[in-house]
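# Fold and geometry: a report
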Amino acid sequence: MTESVVVGRGIDGLREVVVGEVIADGDAGYADARRVVSVEGRPQVVVRCAGAADVVAALRYAEAQQLPVAVRSGGHHAAGFGTNDGGVVIDVRPMDEVRVLPDDVVRVGAGATWGEVAARLAKLGLAISSGDTASVGVGGLMAGGGVGWMVRKHGLAIDNVMSAEVVTADGSVRRVDAANEPELFWGLRGAAGSLGVVTSYDVAAVRQPTVHFGTLLYPWTQAEQVLNGWAEYAATAPESLTSSLQLAPTMMADRQVPVAVMVCVAGDPAVLEPLRNLGTLLTDKVTEVPYAEVLSEMSMPADWQPRIRNGLFDMWWPDLTGRLLEARQQMPAMAMEIRALGGAFGAMPGDATAFAHRDAQFMVNSVLMGTVEAQGSQPEEFDAFWQTLRPNGAYVNFLSDPTDADLDLCYPASHRARLAALKQSVDPGHVFRSAISVPPRA
């Protein structure tokens, strides 16, 4: 591969040096290649990279043509970071290796999906604490942290990363870990999208062939009682229990939609008993299943424009329950989920990774569903509601319209300063930029 080929002959030159597939505007397959889950961009070219060398070629092309760069693994981020208009999309999905190394360490390509990873590892009785959606890409989830169904037992997905291979803006291919370029390794665990293109991770798997997983349903009329009782127990529950409380949107159903408590137990299921006594139990669908089966699939109509915001809270405020339930009644297009954190998630020091908020006990995540027309004035109400909540932090993977204020919530001042210095070192030209990218210092 030579830079002169990439630069001198434009897209034709790029095609000559890329092992994977190069899809330009006008090519067959472009309509599919330009789209991610919730956003349809119009990039000049999508490079489906077969390996790190293809990533290097794509970066050189983008630099030579002065084009913006987007990086895609699963394409699930609601802000549409996996596509762009008029630029280069580096698609790592062909890099989907899942290989078990000695001592239950697994080399996972950034383009693999978590469903594929879980299914492969299930045959060996292994699992990796990951997200909760099967088609989410490994690279995208790892970029921001990785909150999933074993977060209280085994921490964030990034907490189990032993090393990573990353292509930085200058075209260098680096293998980083705690001993080799530790500062970059720190930044990749929670802010990878701002620093380079990760091609693979070495992750410590756990022996967790099965879990107890399912849903407990309670009547909406007992929502306040159930939510308060759940929050009280979740704050002190054994770390083997990871749970969330979910309030479905009412726009397509009766406003009396049941309150759902979803649970995943990586240990003795007896820890569920307090949750079975929160109110009048309507349904108990908790069973022992292979861990791979807890990863669900997500889909929505193509014309929907979900609006997503979240907040991290160090404790459950006395008036938080009432405010959440009132908002859910006022905005029928809004779905709400409250996730319990703590346990192994909180055992990691706050400065150990670029993901900072280890004191958080709860995450409140909300999604405004439907088309723009169906939402009407609800987006304004939705944003105003979040202005009143004042969380302690936010999770970068659950933001559809991130702002500078959101970036401040995701990365506190000490982390922002550290990330800015790291950005200056590895990407002074600000090649990797998005609404959640910390810019280099002036």
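Located above this text is the structure these notes cover.
Structure report, in brief. Source: prediction; values computed, not measured. (Residues numbered from 1 in each chain as written. Predicted model: local features only at pLDDT ≥ 70, side-chain atom pairs only at ≥ 80, totals over all residues. Heavy atoms only, no water.)

This part is about the overall build of the protein chain. Along the backbone of the protein chain there are 15 helices and 18 strands. Expressed as lengths along the three principal axes of its C-alpha atoms, the size of the protein chain is roughly 70 × 50 × 40 Å. Sorting the 442 residues of the protein chain into buried and exposed places 58% on the buried side. Considering only contacts within the protein chain whose residues lie at least 6 apart along the sequence, 71% involve residues at least 24 apart. Accessible surface computed for the protein chain: about 17,200 Å², of which carbon and sulfur atoms make up 52%. When the 34 positive and 51 negative side-chain charges of the protein chain are each reduced to one mean point, those points stand 2 Å apart. (Helix = DSSP H or I, 4+ residues; strand = E, 2+ residues; numbered from the N terminus. Buried < 20%, exposed > 50% of the residue type's maximum accessible area, 1.4 Å probe, protein only. Contact = heavy atoms within 4.5 Å. Areas by Shrake-Rupley, 256 points an atom, 1.4 Å probe, with all protein chains shown as cover. Lys, Arg positive; Asp, Glu negative; His and termini not counted. Charge placed at Lys NZ, Arg CZ, Asp CG, Glu CD.)

On to unusual backbone geometry, then. A positive phi angle, near 55°, is found at Gln66, a position not held by glycine. We classify Gln66 as exposed; its relative accessible area is 71%. Positive phi outside glycine occurs at Asp104, with the angle close to 60°. A relative accessible area of 22% places Asp104 in the partly exposed class.

Before going further, it helps to spend a moment on the sheet that holds strand β1 (residues 21-24). Spatial ordering of the open sheet is given by β1-β2-β4-β3, a layout of four strands whose pairing is mixed. The sheet is open, and its two edges are formed by β1 and β3 (69-72), each paired on a single side. Taken over all neighbouring pairs, the strand axes of this sheet differ in orientation by 20° on average, direction set aside. Two elements, β1 and strand β2 (residues 45-48), share four bridges in a ladder whose sense is antiparallel. Paired with Ala24 across the strands is Val45, a residue of β2. (Pairing = 2+ DSSP bridges. Axes fitted to C-alpha atoms, helices over the stretch in contact; angles between N-to-C directions.)

Reading across from one edge, β5-β6-β10-β8-β9 is the order of the five strands in this open sheet, with antiparallel pairing throughout. The strands lining the two open edges of the sheet, one partner per strand, are β5 (98-100) and β9 (173-177). The mean angle between the axes of side-by-side strands here comes to 15°, regardless of whether they run parallel or antiparallel. For β5 and strand β6 (residues 105-109), the ladder comprises three bridges, and the chain directions are antiparallel. Within the sheet, the bridge partner assigned to Arg99 lies in β6 and is Arg107.

The complete set of buried residues in helix α2 (residues 10-17) reads Gly10, Ile11, Gly13, Leu14 and Val17. Along α2, the residues classed as buried sweep out an arc of 160° about the axis, all on the same side. (Arc of directions from axis to C-beta.)

Applying the stated criterion to the full structure yields eight aromatic pairs. Measuring from centroid to centroid gives 5.0 Å for Tyr395 and Phe398, while their planes differ by 85°, and the two rings are edge-to-face. Residue Tyr395 is classed as buried on the basis of its relative accessible area, which comes to 1%. Within the aromatic cluster, the residues linked to one another by ring pairs are Phe345, Phe355, Tyr395 and Phe398. Positioned over the ring face of Trp220 is Arg328, at 4.1 Å from the centre of the ring. Cation over ring: Arg358 sits above Phe345, and NZ or CZ is 5.5 Å from the ring centre. (Phe/Tyr/Trp six-rings, centres within 6.5 Å; stacked < 30°, edge-to-face > 60°. Lys NZ or Arg CZ within 6 Å of the ring centre and 35° of its normal.)

Let's shift gears to the nonpolar core. In this structure, Trp114, Val117, Ile128, Met142, Leu188, Tyr201 and Val211 are the most contacted members of the largest nonpolar core, which totals 76 residues. Of the residues forming this core, the biggest block, five residues, is contributed by helix α8 (residues 182-191). Not counting chain neighbours up to four residues away, the residues in contact with Ile128 comprise Val106, Val108, Trp114, Val117, Leu121, Met150, Val203, Ala205 and Tyr291. Formed by 42 residues, the second largest nonpolar core is a distinct cluster that contains Ala234, Val271, Leu272 and Val364. (Core = buried A, V, L, I, M, F, W, Y, C linked by side-chain atoms within 4.5 Å.)

Now for the pattern of salt bridges. Applying the stated criterion across every chain yields a total of 27 salt bridges. With a shortest N-O distance of 2.8 Å, Arg276 and Glu273 are connected by a salt bridge. A relative accessible area of 21% places Arg276 in the partly exposed class. Residue classification places Glu273 among the partly exposed positions, given a relative accessible area of 41%. What you see here is one network of salt bridges that share partners, running through Glu21, Asp32, Arg48, Arg72, Asp91 and Arg93. (Salt bridge = Lys/Arg side-chain N within 4 Å of Asp/Glu carboxyl O.)

On to helix α15 (residues 413-426). With 14 residues, α15 ought to run about 20 Å at 1.5 Å a step, and its terminal C-alpha atoms sit 20 Å apart, in line with that. All buried positions along α15 are accounted for by His415, Leu419, Ala420, Leu422, Lys423 and Val426. Residues of α15 that are buried sit in contact with β9 and α8. (Expected span 1.5 Å × (residues − 1).)

As a packed pair, helix α10 (residues 320-330) and helix α13 (residues 378-389) sit with axes 11 Å apart at the nearest point and diverge in direction by 175°. In terms of orientation, α10 and α13 fall into the roughly antiparallel class. Contacts between α10 and α13 involve Leu320, Arg323, Leu324, Ala327 and Gln330 on the former and, on the latter, Glu381, Phe385, Thr388 and Leu389. Among the residues forming the contact of α10 with α13, the class breakdown is five nonpolar, two polar and two charged. (Parallel < 35°, antiparallel > 145°, perpendicular 65-115°, else oblique. Nonpolar A, V, L, I, M, F, W, Y, C, P; charged D, E, K, R; others polar.)

By themselves, these observations are geometric and do not establish any function.
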